[in-house]
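# Structural overview
Given next are the chains, with one letter for each unit.
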Amino acid sequence: MGKLENIPEENRERELISQFLADNVLFLGPDPEIMENHDISPRTEAEHKAMERSKDPAVLALVRDRLQAGCNETFEMLEQMGAAPGAKWGDLITGIFTPSGDLALGSTGGVLLFACLVHHPIKFIKKYWEKEPTVGIREGDGFIHNDARYGNIHNTDQSLILPIFHEGKLIAWAGATVHEGENGAIEPGGMPSAAEQVYDEGLKMSPFKVVENYELKKDLVTYLQNSVREPKLQYEDMKVKLFVCRRLEQRVKAAIAEFGPDTVISALRRGLEDSKAEVQRRLEAWPKGKVRTVIMADGTLRENCLIKIQLEMEKKGNELILDFRGSSPEFANRCNNTVLSSLKGMLCQLFLMFVWPDLPRNQAVFAPIRVICDQKSALRSSYTTPNAESMMTFFPAFTAAQLCVAKFLYGCPSKFTKVIAPWHNMIRTFIWGGLTQHGDMVGNLCADLNGMGGGARVDRDGEHGVAPIFASMADTGEQELNEEEVPFIQIVSKKIMKDNQAFGKYRGGQGYEMIASNLKSNMWGFMVCCIGSKVSCTPGLFGGYSSPTYPLCKVKGVDTLEIMKSDPQKWEFSIVDIMNKQPFEGAKYSTHHMGLQFELCNRGELYMIMQGSGGGYGDVLERDPDLVIKDLEESLISHEAARRIYHVVYNTDTLVLDREATRKAREAERASRKKRGVPYKEFHKQWVRAEPPADVPFYGCWGDDRSNIYAGPFAGVPRRKMDASAIEGIFMPNPRDVRIAELEARLKECEGAKRS
Amino acid sequence: MKVPMTEYLEIDLDRELWMCRVCNHEVGPARQPYKEGLLVYVRDPREIHAPILDPKRYEFTFAPDAKWVQILEFYCPSCATMIEVEYLPPGHPPVVDMEFDIDALKEQWKDRKPLNAAELAGPDMAGRAHHHHSNKQKAQQQGRG
Ligand SMILES: [Zn+2]
C-alpha cells in the first residue's frame with residue numbers, strides 16, 4: 001500500500017477504490033488483456049540496456065544457436081523419457097521465453113502451436129503471482145497449466161513452466177508442453193467429444209505453482225493423480241518435464257557464464273524484434289488486396305451439421321488481417337469451439353511451418369498478423385463454452401488460411417516454400433481407453449493421427465501419410481510396441497486404399513487404413529473425433545479437387561478373431577472388402593460419421609477408419625498420363641477412376657499407355673466441358689438462393705453478407721437468424737433424444753397404418 | 001506486364017484484364033471477379049468422389065452428401081481448362097475469392113522482372129536454395145517448373 005503515499009487529494013479516492021478492487025478480486029479468471037494480445041511484449045528497460053551493451057549480431061546469433069541447440073536437445077530428452085504416447089511420437093515441444101513471457105525459441109521438432117500459446121500462462125503468472133504474497137516467483141519454482149482459456153489448444157496438453165534467474169533477477173523462462181492424453185474428462189483419453197460443459201472436460205488447471213526448490217510438491221501431484229485415469233503417467237511426465245526445464249535452465253545459465261547476461265537477454269529480444277520486422281518486410285512484397293474462402297465443417301462430433309468457416313484475408317502495407325467474421329456461432333453444449341487465442345496459435349503454426357519455415361521458431365512471426373472474429377462465434381468462444389475438441393473448428397480455419405495464402409503467394413517473387421494445396425487437416429486416429437491386460441486403467445490415443453496426407457504441390461504430388469498439419473516432424477508410432485502395454489491390435493495398418501485421392505494435375509498424398517480390435521481386455525473401448533464424413537474438410541487448389549469424405553465403419557456382434565482361427569480364409573484385409581462382401585455371418589455392419597463417443601468394443605469386433613488425403617492441385621486433364629499409370633501400378637487408384645477422372649486410355653492388362661488416344665479423350669472431355677458449362681451470369685441466376693436450403697442445418701452467414709448469422713434448423717428446432725453483433729450460443733439436443741423422437745414418430749406412423 | 005496470379009490466371013496490368021495463362025483468352029476486367037468471365041458447371045460431388053462402399057447398404061460411403069454440398073467447376077470458355085473448383089452448399093453464392101488492388105499491383109510490379117517457372121513454384125521446403133547450390137542444381141530446379 002506504500003505506493004498510495006503522496007498522491008494528490010483529488011486522485012486519492014479513485015486510487016483507493018481501484019486498489020481496493022484489485023486487492024479483492026474474487027476470482028482470477030483468464031485476463032482478456034493477456035489473452036487477446038499476441039504481439040510481442042514492449043521492450044523492457046532491462047532489455048533495452050542489455051541490447052545497448054551487447055549488439056554484435058554474430059555473437060547474438062551464436063548465442064541463439066546455442067540456446068536453440070538446448071531446445072532441440074531437451075525435445076529429444078522429452079521424447080525419449082516421456083511416458084505419454086503423444087510424447088513418444090513427437091506431440092510435444094520445449095522452448096525458451098523472454099522475462100516478459102514471449103516465446104523466443106522453440107525446439108525444431110514438435111508441435112509449435114503448443115509453445116506459441118505458453119506465453120499467455122507465463123504472462124498470467126507474471127502479472128498475478130509475482131506480487132501475490134501467497135505465491136511469488138522464486139528460483140527453483142515451477143508452474144503447471146493446461147486450461148485453454150488461459151492459453152492452450154485444449155486441456156489434454158499440459159505445460160510445465162520454470163522461471164530462470166541470474167543473480168536474483170528473472171532472466172528467462174523454460175517451458176515444456178506434452179500432449180499427455182488422459183486428463184480425467186467424461187471420456188478417457190483427454191479429448192472428450194461427449195463433453196457438454198467445460199466441467200465435463202476434466203482437469204482445468206489455471207497456472208499454479210507445483211514445484212518449489214526444484215521439487216514437485218507431493219500433495220499437489222497426488223491431487224492431480226487422483227483426478228485422472230492414469231496416475232502413473234501424470235506423475236512420470238511431470239517429473240520428466242521438470243527435468244527437461246532444468247536442462248534448459250542449465251543451457252541458459254551456461255550461455256550466461258560464457259557470454260554474460262546482457263548478451264543472452266539481447267539475443268532473445270533481438271531475435272523477436274528482427275523476426276517481426278522481417279515478416280513485415282516479407283508481407284510488403286505480397287499483392288495488396290483481399291482473398292476469400294469458405295470451408296464447411298460438417299459436424300460437431302455429436303451430429304452432422306454445416307458449420308461455416310468464412311475467411312477474408314486482407315493484405316495492406318506490411319500487415320495481414322484474417323477476418324473470420326460470418327463464421328458459425330458457438331455451440332454452447334458441444335466442445336468443437338475454439339478460444340480465440342487457440343485459433344491464433346494454430347494460424348501461427350501455418351506461417352511458421354508452411355510459409356516461412358526458415359524464420360526462427362518464435363511468436364514474433366505472427367505479431368504483424370491480425371485476427372478478427374465475431375464474439376461468441378465458434379472461433380471465439382466464451383468462457384463457459386467447452387473447447388476440448390477445438391480442432392474441429394480451428395483446423396478448418398487453418399485450411400481456409402492455407403488456401404488464401406496460396407492465392408496471395410503464387411505471383412509473389414519472394415517465396416520461402418513451394419506453393420501447396422491444403423494439407424489434410426483431421427486427426428484420423430483411434431482414441432482408446434479401458435482396462436489393460438496388466439490390470440491398469442488407461443486412456444490415450446494412437447499416433448496414427450500424425451500420418452495426414454500432404455497437399456499436392458505446384459510441381460509434384462503430395463506425400464502419403466507424411467505428417468500432421470501441426471508438426472513438421474512427428475512419428476506415427478509402432479503398434480507392436482503399443483501392444484505390450486495395451487490390449488488392442490491393428491489388424492490392418494498403414495495400407496493404402498484405392499481412390500482415397502484428391503484428384504488434380506498433381507494429386508494429394510494419400511492416407512491409410514486402420515482396422516482395430518480388442519484382443520485381450522474385458523473392458524476396452526474406442527473413440528474417434530473427426531469431421532468430414534458428408535462434406536470434405538480438405539479442399540484442393542487452383543482447380544484441384546478435395547479429398548473424399550471419410551466414414552467410420554464397424555463390425556459388431558461377432559468375434560472375428562475366432563473366425564481368423566477357425567476359418568482364416570473368410571477374413572478380408574481391407575475396409576472395402578469387409579464392408580462390401582460382409583464375410584462374417586451374423587455380424588452387424590454399419591457406417592457412421594467420425595464423431596464416435598467412447599464405446600465398448602468386445603473381443604474381435606472391428607472399428608475401421610481411414611487416414612485422409614491432402615488436397616489436389618490443378619486441372620485433372622493436365623495430369624501427366626504417365627503419373628496416372630504410376631498411380632495404377634502403385635494401386636493408388638482404380639481403373640475406373642483413372643478413366644473417369646483423368647481420361648487416360650491404356651491397356652488394362654499391361655498398363656501400356658495410348659498417348660494419342662489419351663490426347664483425344666482429353667480433347668473430347670474439354671469439348672464436353674464447353675458444352676455443359678454455363679456462362680457465369682446464367683449460372684448465377686439459376687444457382688444462387690437468398691437463404692440456406694430449408695432442410696439443411698446451416699450455421700454461419702449465407703454468402704458474403706456477414707451481418708446475419710443463420711443457425712439450424714436441427715431436429716425439430718427451427719432455424720434462427722441472428723444479428724452478427726448479438727450472437728447467442730447454440731444448444732443442440734441430445735442425439736439420443738433426437739433418435740428417440742425419430743423412432744417414436746415412426747412407431748406412431750406404424751400404429752396409424754395398422755389401425756387403418 | 002502480365003503477372004501470374006494462379007496456376008491458370010494472370011493479370012495483364014497494362015490492359016487491366018484477367019487472362020487465361022493456358023490459351024491467352026481475355027477472361028474479363030481485372031477489377032471484376034474473374035469468375036464472371038468463365039463457364040460454370042454444377043456437379044454432383046458423387047461423380048468425382050464416387051461411393052467406395054455400397055451406397056444401397058450404407059449411409060456413409062466415402063462420397064460426399066449431394067444435399068449438403070455441390071461442386072462448382074469453373075472452365076475457361078476458350079480452352080476449357082478447369083481454372084477453379086469450389087465446394088459449396090446448394091445455392092450458396094460463389095465466393096469472390098481474389099480481389100486485388102490493381103493500382104497497387106502496377107506500382108509493385110513497376111520495377112520487377114517477370115518470374116520464371118522456378119520462381120513461381122517457390123523453393124523446396126527442406127532445401128536452402130540460396131546456399132550451397134551448384135549452377136547445375138539451379139538449372140535443374142528451373143527446368144522442373
Ligand atoms: Zn484458356
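Residue numbers restart at each chain and count upward from 1, following the sequence in its written direction. Chain letters start at A and ligand numbers start at 1, both assigned in the order the entries are written. At least 70 in pLDDT is required for a residue's local features to be given in this predicted model, at least 80 for side-chain atom pairs to be given and counted, and no such filter applies to totals for whole chains, interfaces and linings, which use all residues. Water and hydrogen atoms were dropped before computing side-chain values, which therefore reflect all heavy atoms in the structure.

### A few points about empty space enclosed by the protein
To locate leftover empty space, one rolls a probe as large as a water molecule over the atoms. Operational definition: The way it works is a 1 Å grid over only the protein atoms, where trapped points that fit a 1.4 Å probe form a cavity and open points with protein on both sides within 12 Å along at least five of seven lines form a pocket, and then any residue with an atom within 4 Å of a point lines it. Grid points are joined across faces, edges and corners, and a volume is the space filled by probe spheres set on the points. Put simply, Ala, Val, Leu, Ile, Met, Phe, Trp, Tyr, Cys and Pro go in the nonpolar bin, Asp, Glu, Lys and Arg in the charged bin, and everything else, Gly too, in the polar bin. Segmentation into domains, and thus their bounds, comes from an automatic or database assignment.
Counted by the stated rule, this structure contains 8 cavities of 30 Å³ or more. Contributing to the lining of the largest cavity are 23 residues, with Thr293, Val294, Leu403 and Pro539 of chain A together with Tyr87 of chain B lying nearest its centre. Residue classes in the lining of the largest cavity are distributed as 11 nonpolar, 6 polar and 6 charged. Three or more residues apiece are contributed to the lining of the largest cavity by two domains, here domain 3 (286-416 + 697-756) and domain 4 (418-618) of chain A. The calculated volume of the second largest cavity comes to roughly 130 Å³. What lines the second largest cavity is a set of 15 residues, and nearest its centre among them are Phe114, His154, His179, Met391 and Phe470 of chain A.

### Overview of the interface of chain A and chain B
Spelled out, the test is: In this description, contact between two residues means that some pair of their heavy atoms is separated by no more than 4.5 Å. Throughout, buried area stands for the accessible area (probe radius 1.4 Å) lost by two parts on being put together, summed over both. Whenever Lys or Arg places a side-chain nitrogen within 4 Å of a carboxyl oxygen from Asp or Glu, that contact is recorded as a salt bridge. Two N or O atoms count as a polar contact when they lie within 3.5 Å, although within protein this holds only if one can serve as hydrogen donor and the other as acceptor, and sequence-adjacent residues are included solely when both atoms are side-chain atoms. Strands here are runs of E lasting at least two residues and helices are runs of H or I lasting at least four, both read from the DSSP assignment and numbered beginning at the N terminus. Any two strands with at least two DSSP-identified bridges between them are counted as paired.
Every contact between the two is made by 92 residues of chain A and, on the other side, 77 residues of chain B. Surface buried jointly by chain A and chain B totals about 7,200 Å² across both partners, of which 61% is contributed by carbon and sulfur atoms. Contact with chain B buries area across many residues of chain A, yet Lys534, Tyr680 and Trp687 of chain A alone supply 11% of it, more than any other trio. Joining chain A to chain B, the criterion identifies 8 salt bridges. Scanning the region where chain A abuts chain B turns up 47 residue pairs in polar contact (both at pLDDT 80 or more). Sorting elements by how many residues they give to the side of chain A that touches chain B places strand β8 (residues 289-299) of chain A first, with 8 residues. Residues of the side of chain A that touches chain B, tallied by class, amount to 47 nonpolar, 21 polar and 24 charged. Where β8 of chain A and strand β8 (residues 98-100) of chain B come together, 3 bridges link them in antiparallel fashion. Pairing of Gly289 of chain A across the sheet is with Phe100 of chain B, part of β8 of chain B.

### Some words on the coordination of the zinc ion
Residue and element names in this part refer to chain B. Rules: We call an atom a donor if it is N, O or S and sits within 2.8 Å of the metal, or 3.2 Å for Na, K and Ca. Water is not counted, so some sites may look partial. Just to be clear on the cut-offs, tetrahedral is four donors with all angles between 85 and 135 degrees, square planar is four donors and octahedral six with opposite donors over 155 degrees apart and all others between 65 and 115, and anything else goes down as irregular. Buried means the residue's accessible area, taken with a 1.4 Å probe over protein chains only, is under 20% of the maximum for its type, while exposed means over 50%, and partly exposed covers the values in between.
Protein ligation of the zinc ion involves Cys20 (SG), Cys23 (SG), Cys76 (SG) and Cys79 (SG), the donor distances falling in the range 2.2 to 2.3 Å. Taken together, the 4 donor atoms coordinating the zinc ion and their angles of 104 to 113° define a geometry best described as tetrahedral. Written as a sequence motif, the donor arrangement for the zinc ion is C-x2-C-x52-C-x2-C. You can see Cys23 sitting in the loop between β3 (17-20) and β4 (26-29) and its partner Cys79 sitting in the loop between β6 (70-75) and β7 (82-88), a full 56 residues away along the chain. Looking at Cys23, the relative accessible area reads 26%, which means it is partly exposed. Here Cys79 falls in the buried class, since its relative accessible area comes to 15%.

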